[in-house]
Amino acid sequence: MLGNLLIKNAEIITMNQREEIITGDIRIKDTLIVEIGSGLMPHGDERVIDATNRTVIPGFIQTHIHLCQTLFRGKGDDLELMDWLRKRIWPLEAAHDEESLYYSAMLGIGELISSGTTTIVDMETVHHTDFAFQAIAKSGIRALSGKVMMDQTGGDVPAALQEDTAASLQESVDLLEKWNGYGGGRIQYAFSPRFVISCTERLLTEVRDLSARYKVKVHTHASENLGEIEIVQAMTGMRNIVYLDHLGLANERLILAHCIWLDGEERRILKERGVHVSHCPGSNLKLASGIADTPGMLHDQVSLSLGADGAPCNNNLDMFNEMRLAAIIQKPQHGPTTMDARSVFRMATIGGARAVGMEEQIGSIEVGKKADLALLNLYNFHTFPSYDVDPISRIVYSATRADVETTIINGEIVMDRGQLKTIDKEV
Ligand code: GUN
Ligand code: FE
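Residues numbered from 1 in each chain as written. Chains lettered and ligands numbered in written order. Predicted model: local features only at pLDDT ≥ 70, side-chain atom pairs only at ≥ 80, totals over all residues.

As annotated in an unreviewed UniProt entry, the chain is 5-methylthioadenosine/S-adenosylhomocysteine deaminase from Paenibacillus albidus.

Structure (structure tokens):
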């Protein structure tokens, strides 16, 4: 169902430079938005979507997801990070086979697409990652993904997940060569060393060079938990992000999940090197990791975006939840306006586009950009507007995944009224 679509009479939250909210029509040809205006007439073969009383937003961009963990939802509730990894997540990742990984990915993607997420930065497990890519390819979601890399025993990584350094690098490059650029660039490879604790210095420096050579992202976790930081300090003699910078990894190709416990030098590194921080408020709360200083990072103009992390981290992959938490957890300490609705909506859309290096292609509704959109019905009981309420505020503080009626990625309708068009279709 590749678009030629005409969306008529929508409230459009453009997130263009002026952050205009307009009422009008969007014409989609193939994968792109080709016209925005009012009173547009359908061309011959266009399917018309009547969006009267509907709100169209840029699809959400989640910059930290583990599709491989979707099947572990509910396993390891009420544990903190290192115990949760050792007792639950690592043994479960080691137990995945090809089929379970494929269905874990599909289940996660179904949830993401249904709740308006159109792009993800995803970290898989050590084995079988080709099957996650197959799910991504079939589903239609836009994704940067890669196999996780774990070539060091720090933190009690189970034997079944321990990799040989050269094999880890070779398998990553093989996957990159197979999948990077698939679907006209809808899929990209991202090197995914899990975190400093599970990676040798040699692996990290090779990843640095490979990411420069292939011009792809590096996606990892850092400074999430005080216990993790202690182990990194004991292993390297440095603070986490100082160490990554020391190895030359801190640059604009790096996407760092969490970044809760930072000192002044680490904050400076994030800012000066153009590192992209993926803030995961639901996961940070549930794993008792802490509250990241996003107001401080925003003030310093650090690149900030949002992610739900894995399904067992906060029990769902819903960006509405993450936006709301990102805003409200800051209010007691920093006051009501420091992290307002518009700031978190920006992080969920154009901020994510910047993190993945695609701000010219996604993250806002503008002519020439990819048609990655979600169509919301904000006339449900819990969202029905009183006079003159800012629609972004209604979305951040009231909307839920149930309000997403249609999701379009790359001009293709991938979900319509609960039906997953691409996932369900026979190939
Ligand atoms: N740090 C290392 N691995 C993980 C993981 O799978 N999830 C989270 N939240 N943090 C991690
Ligand atoms: Fe994570």
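So that's the structure; there's more coming.
This part takes up the nonpolar core. With 128 residues, the main nonpolar core has V56, A105, I109, A132, M323, V344 and A348 as its most contacted residues. With 7 residues, helix 2 (residues 98–114) is the largest single contributor of residues to this core. Two domains each donate at least three residues to this core, and these are domain 1 (3–57 + 363–424) and domain 2 (60–355). (Core = buried A, V, L, I, M, F, W, Y, C linked by C-beta atoms within 7 Å. Buried ≥ 20, exposed ≤ 12 C-beta atoms within 10 Å, placed from the backbone. Helix = DSSP H or I, 4+ residues; strand = E, 2+ residues; numbered from the N terminus. Domains from an automatic or database assignment.)

Close to ligand 1 lie H66, L81, L85, I89, R194, F195, H221, E224, S283, D309, G310 and C313. Taken together, the elements giving at least two residues each to the shell around ligand 1 come down to helix 1 (81–95) and strand 15 (309–310). Broken down by element, the shell around ligand 1 gets its largest block of residues, 3 residues, from helix 1. Within the shell around ligand 1, the residues separate by chemical class into 5 nonpolar, 4 polar and 3 charged. (Near = placed C-beta within 6 Å. Nonpolar A, V, L, I, M, F, W, Y, C, P; charged D, E, K, R; others polar.)

Turning next to the domain arrangement of the chain. In terms of domain boundaries, the chain breaks down into domain 1 (3–57 + 363–424) and domain 2 (60–355). One C-alpha centre belongs to domain 1, the other to domain 2, and the line joining them spans 28 Å. The partner domain 2 presents 30 residues to the 25 residues of domain 1 that form the contact. Only helix 17 (391–397), strand 17 (404–409), strand 18 (412–416) and helix 18 (421–424) provide two or more residues apiece to the side of domain 1 that touches domain 2. Of all the elements, helix 17 adds the most residues to the side of domain 1 that touches domain 2, at 5 residues. Its residues placed into classes, the side of domain 1 that touches domain 2 shows 13 nonpolar, 9 polar and 3 charged. (Contact = placed C-beta atoms within 7 Å.)

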